[in-house]
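Each chain, letter by letter, is given below.
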Amino acid sequence: MTVTRPLTVAVVAATLLALAPPAASRAGTAHAAAARATTAGRPSGPCALRTRTRGVSEGSRTPRGFAPSSGTVRAVTFFVDFPDARARLSPRQRYAEFFPAVADYYRTSSYGRLDYRSTPVLRWIHMARPYRSYGITRGTAFDPHRDDGYHAITREILAATGRSVDFRHYDLINVLAAPNAGPPATRDVRSVTFAGAPTGLRTHDGAHVKNVTFIWSRQTGDSPYRVLTHENAHSFGLPDLYYAAGGGGTRAPVGHWDPMAEDWGPSNDFLAWHKWKLGWLAPAQVHCLTRPGTRTVVLSPTSERGGPKLAVVPLSRTHALTLEARAPGRLDHAVCRPGVLITTVATHLPSGAGPVRAADATPGSPGCYTHDPNVSAPLSDAPYRAGQHYRVAGVTVTVLGQDARGNWHVTVTRRAAGAPGLSHLPA
């Protein structure tokens, strides 16, 4: 969840030394290089859909204020507990629930383009008041005008760390709470990220506190660390793909095909559209299909390095049809029907309003991955296979089949601009 999903300090000398950034970073050169790297693969051209909001969205351009999503990205990680919820494990044990798994995940998903480095402050920072007095619920704001909530917790973290941390050298702030603080995640998911805009707090060195994530409780499944992968991705500019609903319920119209929709249960890789938005795909890996007529494209599975990964058919300035190949891989544990995943992206829809929707090649089917309640089973067999067609807004997609190398061949036919079928899409 962003607030822009809601779903932890005695420091030894070695830890204090670890908080000092490398000499190159102090000189600013490392961050300058990282900034250059973030623009190398950014979406551009007619398939880069317009951004309609200053917050997280599916727009191709991520507004200023968010963290870089390629190159070297640095996070500082704190640990907090409360008088009524003292930690029952060491900071190192809590840290090991997430690292190096989060960094490894991003390295794999980005094909090595994101070098995520986390520096932990390995001690519990004891909050001054009981957990309940901070009023943390799903949706609690970071309100600088209140003396509770996330503003109060963060203020205490800053006071406890003093001048031992130079926040100017970090792109992300992670706060891992003692897992016994608050209700279990199976009952109420409260993890949240405040991304993009400053929160109203500044550190001792003048840095704005922003792109800060709070992780509560523990998620279930074989890769529970991905709650942090999900939340940090908000700081990179990605929205929630589920429909937020009253009473804490959610519905994910893209299913288990991206951790921004479902980050519980078995691992799942990011959509190719998100990889493009985050700067992880080179221009040659993206087919931009804007002209009328028929074109055949080749797509290699997102789980493999190299090769073309994404085909984009713009339908309006805020809508596009996207095609990608999905197959079982290191991050795609639940792929039980390899094929071509077809999605519709809408940049005018905000986070939590279902901005990406998957087309289901087998409507009415119970799915092929049905033994894990954390996976949207009906969409687990959504990819299209050889001989199947999909039509929308004057565009026809036909999957031809798979070659000996595992690549999928697809033809895309679109009518001339202005033909019937496009007018119902908003500008």
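Please read all numbers here as calculations on a predicted model, not as lab measurements. (Residues numbered from 1 in each chain as written. Predicted model: local features only at pLDDT ≥ 70, side-chain atom pairs only at ≥ 80, totals over all residues. Heavy atoms only, no water.)

Draft legend 1. Inspection of the overall build of the chain at higher detail. Check the secondary structure of the chain and you find eight helices and 16 strands. Looking at the chain as a whole, 58% of its 427 residues qualify as buried. Taken as a whole, the chain presents about 16,700 Å² of accessible surface, with 53% of it coming from carbon and sulfur. (Helix = DSSP H or I, 4+ residues; strand = E, 2+ residues; numbered from the N terminus. Buried < 20%, exposed > 50% of the residue type's maximum accessible area, 1.4 Å probe, protein only. Areas by Shrake-Rupley, 256 points an atom, 1.4 Å probe, with all protein chains shown as cover.)

Draft legend 2. Geometry of the packing of aromatic side chains. If you walk through the whole model with that rule in mind, you get 24 aromatic pairs. Centre to centre, the rings of Phe79 and Tyr95 are 6.1 Å apart; their planes meet at 70°, and the pair counts as edge-to-face. Taken together, the residues span a long stretch of sequence, with Phe79 in strand 1 (residues 71–81) and Tyr95 in helix 4 (residues 91–96) at a distance of 16 residues. On the basis of relative accessibility, which here comes to 0%, the residue Phe79 falls in the buried class. Among the residues examined, Tyr95 registers a relative accessible area of 13% and is labelled buried. (Phe/Tyr/Trp six-rings, centres within 6.5 Å; stacked < 30°, edge-to-face > 60°.)

Draft legend 3. Inspection of unusual backbone geometry at higher detail. Backbone torsion omega between Phe99 and Pro100 reads 15°, so that peptide bond is classified as cis. Note that Pro100 resides in the loop between helix 4 and helix 5 (101–109). If you check the backbone angles, Asn211 has positive phi at about 50° while not being a glycine. Mapped onto the elements, Asn211 comes out in the loop between strand 4 (192–194) and strand 5 (212–215). A positive phi angle is found at Ser217, which is not glycine, with a value near 55°. Among the secondary structure elements, Ser217 is positioned in the loop between strand 5 and helix 7 (226–235). With relative accessibility at 7%, the residue Ser217 sits in the buried group.

Draft legend 4. Summary view of the packing of helix 5 against helix 7. Their axes nearest at 9 Å, the elements helix 5 and helix 7 cross at an angle of 60°. In this view, helix 5 runs oblique relative to helix 7, as classed from their interaxial angle. Crossing handedness for the pair helix 5 and helix 7: right-handed. Contacts from Val102, Tyr105 and Tyr106 in helix 5 reach Arg226, Leu228, Thr229, Asn232 and Ala233 in helix 7. (Axes fitted to C-alpha atoms, helices over the stretch in contact; angles between N-to-C directions. Parallel < 35°, antiparallel > 145°, perpendicular 65-115°, else oblique. Left-handed = near helix turned anticlockwise from the far one by under 90°. Contact = heavy atoms within 4.5 Å.)

Draft legend 5. Geometry of the side chain of Arg337. Mapped onto the elements, Arg337 comes out in the loop between strand 11 (319–326) and strand 12 (339–346). The buried charged residue Arg337 lacks any salt bridge, with Asp381 as its nearest oppositely charged partner at 5.8 Å. A polar contact of 3.3 Å, which involves the side chain of Arg337, links it to the backbone oxygen of Asp381. A polar atom in the side chain of Arg337 sits 2.9 Å from the side chain of Gln388. When near neighbours in sequence (up to four residues on either side) are disregarded, Arg337 contacts Ala361, Thr362, Cys368, Ser380, Asp381, Pro383, Arg385 and Gln388. (Lys, Arg positive; Asp, Glu negative; His and termini not counted. Salt bridge = Lys/Arg side-chain N within 4 Å of Asp/Glu carboxyl O. Polar contact = N/O pair within 3.5 Å; in protein donor to acceptor, adjacent residues only side chain to side chain.)

Draft legend 6. A look at the sheet that holds strand 12. Spatial strand order, 8-10-11-12-13: five strands in an open sheet with mixed pairing. This sheet does not close on itself; its edge strands, each paired only once, are strand 8 (286–288) and strand 13 (356–358). Taking the axes of each pair of neighbouring strands and ignoring which way they run, one obtains an average angle of 25° across the sheet. The pairing of strand 8 with strand 10 (residues 310–314) spans three bridges and is classified as parallel. Paired with Val286 across the two strands is Leu310, which belongs to strand 10. (Pairing = 2+ DSSP bridges.)

Draft legend 7. Up close: the side chain of Lys275. Take Lys275: it is sitting in helix 8 (residues 272–277). A distance of 3.1 Å separates a polar atom in the side chain of Lys275 from a polar atom in the side chain of Asp269. Those residues in contact with Lys275, other than ones at most four positions away along the chain, are Ser109, Tyr111, Asp269, Phe270, Trp280, Leu281 and Thr302.

Draft legend 8. Structural context of the environment of Val335. Looking at the secondary structure, you find Val335 in the loop between strand 11 and strand 12. In this structure the C-alpha to C-alpha distance between Val335 and His256, which are 79 residues apart in sequence, comes to 9.1 Å. Excluding residues within four positions of it along the chain, Val335 makes contact with Trp257, Arg326, Ala327 and Pro328.

Draft legend 9. Inspection of the state of the cysteines at higher detail. Scanning the model with the defined rule gives two disulfides in all. The disulfide that involves Cys47 links it to Cys288, with 2.0 Å between the sulfurs. Handedness of the Cys47-Cys288 disulfide follows from its S-S torsion of about 95°: it is right-handed. On the criterion of sequence distance, the pair formed by Cys47 in the loop between helix 3 (29–40) and strand 1 and Cys288 in strand 8 is long-range, its members being 241 residues apart. Its relative accessible area of 0% is what places Cys47 among the buried residues. Put simply, Cys336 and Cys368 are joined by a disulfide, and their sulfur atoms are 1.9 Å apart. The chirality of the disulfide connecting Cys336 with Cys368 is right-handed, given an S-S dihedral of about 75°. One end of the pair, Cys336, is in the loop between strand 11 and strand 12; the other, Cys368, is in the loop between strand 13 and strand 14 (389–392), with 32 residues separating them in the sequence. Sequence-ordered numbering of the bonded cysteines in the chain gives a pairing of 1-2, 3-4. (Disulfide = S-S within 2.5 Å.)

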